[in-house]
Amino acid sequence: MKTIQFREAICEAMSEEMRKDDTIFLMGEEVAEYNGAYKASKGMLEEFGAKRVIDTPIAELGFAGIAIGSAMNGNRPIVEYMTFNFSLVGIDQIINNAAKIRQMSGGQFNCPIVFRGPTASAGQLAATHSQAFENWFANTPGLKVVIPSNPADAKGLLKSAIRDNDPVIFMESEQMYGDKGEVPEGEYLIPLGVAEIKRKGTDVTIVSFGKIIKEAYKAADQLAEEGIECEIIDLRTVRPMDRDAILTSVKKTNRLVVLEEAWPFGNVATEITYLVQNQAFDYLDAPIEKINTADTPAPYSPELFKEWLPNSDDVVKAVKKVMYKN
């Protein structure tokens, strides 16, 4: 094992795959000369050249379309968005073309493409730069949606995403790029659609993904001091979702809390809640609790932002509620 930053894990995944397959290329704003807005493509221009690491204009709709056309013609593009908030400019290409071209062509065209970049909030970036769109993309048949929470998962999942023959939305976080973690030295892949139990427990299941899962870890440490053992599941992939992992855990613990950095209405937590009540209702000893952001645009004020974003205290309260403890 070696210890590297999240951004380095992303760079290693892309570089290793590009060395093996010359149909893979990276394109996006500032990915080349500037080494990436978050330095996730540092050194790649020097190694692979300007034909495979391509700086684009600020025109997400345009370069998303170019990448999709390229994928239909045998290449495997990686498209970086400086933030997924900016992907909304190109979402017509993602939803109406990338996600649907295999079906609309009767299987004549694949679209092996990865759209990657940071999602959700990153501090005081205000309302239009602090949005989580995982559930938007996961609602679209034809797309796979991946949200890693640590460097090892990021590398293994991104390599699998690059090799996948369908379009993958790969969502990171500005606040995780500097995170350090142990990553295997050699070649490894993490299959899409497989969750991982990050912490075993017997009293309550907590399901989460992405950077907000850190609040679940903090809460679990605090609750353990009070004799409550939490089982934490990191989904890693939202679509396809590892339903079996969730159901198996809930059937053991009989209680469920879902933690997600997204607005409360119609999100991933809602889908999980439906799944469990539909297929494991008789195992539940308490109603399911889901924790989301406040139902407003993200505030710029740091004090309001603290109240808007879920934290470990919210998780502790939710766990105690399903445990019927004060």
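Residues numbered from 1 in each chain as written. Predicted model: local features only at pLDDT ≥ 70, side-chain atom pairs only at ≥ 80, totals over all residues. Heavy atoms only, no water.

Structural notes on the sheet that holds strand β12 (residues 237-239)
Inference 1: Taken in spatial order, the 7 strands make up an open sheet running β3-β2-β4-β5-β7-β6-β12, and their pairing is mixed. The sheet is open, and its two borders are formed by β3 (53-55) and β12, each paired with just one other strand. Between one strand axis and the next, the sheet turns through 20° on average, direction left out of account.
Inference 2: Looking at chain direction, strand β2 (residues 24-28) and β3 are connected through 3 bridges and run parallel. The residue bridging Met27 from the neighbouring strand is Ile54, located in β3.
Inference 3: Helix α3 (residues 60-72) rests against β2, β4 (76-80) and β5 (114-118) of the sheet, and its axis sits at about 165° to β4. (Pairing = 2+ DSSP bridges. Helix = DSSP H or I, 4+ residues; strand = E, 2+ residues; numbered from the N terminus. Axes fitted to C-alpha atoms, helices over the stretch in contact; angles between N-to-C directions. Contact = heavy atoms within 4.5 Å.)

Describing helix α4 (residues 91-98)
Inference 1: For α4, the set of buried residues is Gln93, Ile94, Ile95 and Ala98.
Inference 2: Buried positions along α4 lie against α3, α5 (101-104), β5, α6 (134-138) and β7 (168-172). (Buried < 20%, exposed > 50% of the residue type's maximum accessible area, 1.4 Å probe, protein only.)

Let's talk about the pattern of salt bridges
Inference 1: Counting across every chain of the model gives 28 salt bridges.
Inference 2: For Arg116, the salt bridge identified is with Glu80, shortest N-O distance 2.7 Å. Of this pair, Arg116 sits in strand β5 while Glu80 sits in strand β4, and the two are 36 residues apart along the sequence. Of the two residues, Arg116 and Glu80, neither departs from the other in class, the shared state being buried.
Inference 3: The closest approach of N and O atoms between Lys214 and Asp179, which form a salt bridge, is 2.5 Å. Here Lys214 is found in helix α8 (residues 213-224), whereas its partner Asp179 is found in the loop between β7 and β8 (180-183), with 35 residues between them in sequence.
Inference 4: Classification of Asp179 as partly exposed rests on a relative accessible area of 21%. (Salt bridge = Lys/Arg side-chain N within 4 Å of Asp/Glu carboxyl O.)

Notes on the side chain of Asp234
Inference 1: Secondary-structure assignment places Asp234 in strand β11 (residues 230-234).
Inference 2: In terms of polar contacts, Asp234 uses its side chain to reach the side chain of Ser149, at 2.5 Å.
Inference 3: Only 3.1 Å separates the side chain of Asp234 from the backbone nitrogen of Arg236, close enough to count as a polar contact.
Inference 4: Beyond its immediate sequence surroundings of up to four residues, Asp234 is in contact with Ser149, Asn150, Asp153, Ala195, Glu196, Lys198, Ser208, Phe209, Gly210 and Ile213. (Polar contact = N/O pair within 3.5 Å; in protein donor to acceptor, adjacent residues only side chain to side chain.)

With respect to the pairing of strand β13 (residues 256-259)
Inference 1: What you see with β13 is no split at all: Leu256 and Val258 on one side and Val257 and Leu259 on the other are buried throughout.
Inference 2: Here strand β10 (residues 204-208) pairs with β13 via 3 bridges, running parallel. By the bridge assignment for β13, Val207 is matched with Val258.
Inference 3: As judged from the 3 bridges shared by β13 and strand β14 (residues 289-291), these two strands associate in the parallel manner. Note on β14: the bridge partner recorded for Val258 is Lys290.
Inference 4: Handedness of the crossover is the feature at issue here: the chain leaves β13, passes through helix α10 (residues 268-279), returns alongside β14, and the resulting connection is right-handed. (Right-handed = clockwise from strand over helix to strand, strands pointing away.)

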